[in-house]
Amino acid sequence: MNYYDLDNRAVNLAYYILDNQTTIRATAKAFSLPKSTVHHDLSYKLKYIDYALYLKVKKLLEENFKIKHIHGGESTKHKYELLKMENKSNENIEYLIN
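As the structure is a computational prediction, the values presented were derived from the model and not from experiment.

Next up on the list: helix α3 (residues 35-49). Every α-helix winds through 3.6 residues per turn, so residues three or four apart in the chain are directed the same way. Taking 1.5 Å as the rise per residue, α3 with 15 residues should run 21 Å; its terminal C-alpha atoms sit 20 Å apart, in good agreement. At D41, α3 is deflected by roughly 35 degrees, the largest bend along its length. Every buried residue of α3 is listed here: V38, D41, L42, S43 and L46.

For the rest of this paragraph, the subject is the packing of helix α2 (residues 24-31) against α3. Close contact between α2 and α3 brings their axes to 8 Å; oriented N to C, the two are set at 110 degrees. Taken together, the axis directions place α2 and α3 in an arrangement best described as roughly perpendicular. Considering how the two elements wind past one another, α2 and α3 form a crossing that is right-handed. Facing α2, whose interface residues are I24, R25, T27 and A28, α3 presents K35, V38 and H39. Residues of the contact of α2 with α3, tallied by class, amount to three nonpolar, two polar and two charged.

Rules of the game
- Residues numbered from 1 in each chain as written.
- Predicted model: local features only at pLDDT ≥ 70, side-chain atom pairs only at ≥ 80, totals over all residues.
- Heavy atoms only, no water.
- Helix = DSSP H or I, 4+ residues; strand = E, 2+ residues; numbered from the N terminus.
- Expected span 1.5 Å × (residues − 1).
- Bend = angle between axes of the 7 residues up to and from the residue.
- Buried < 20%, exposed > 50% of the residue type's maximum accessible area, 1.4 Å probe, protein only.
- Axes fitted to C-alpha atoms, helices over the stretch in contact; angles between N-to-C directions.
- Parallel < 35°, antiparallel > 145°, perpendicular 65-115°, else oblique.
- Left-handed = near helix turned anticlockwise from the far one by under 90°.
- Contact = heavy atoms within 4.5 Å.
- Nonpolar A, V, L, I, M, F, W, Y, C, P; charged D, E, K, R; others polar.

Below, the structure written as structure tokens:
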């Protein structure tokens, strides 16, 4: 792999993340790359390849970072709601058995 391929990968990742409004994790999965590689390409290499594109990606990544805690809270809330429903189902089954 030569430098051109690495540059091309960074630009492809940037266009993908902007076109699909995805996260680094989703982009890494789509390209079968580690998250750290995607992050490094978008946060460091892209700056020297296409600065205007880098600024657009940086803005999207900052937005994703700002709402990350909200998604985490929603996931945790959903998890405990499912556990609560599961426990109610188990209580009903135990009541019927006894």
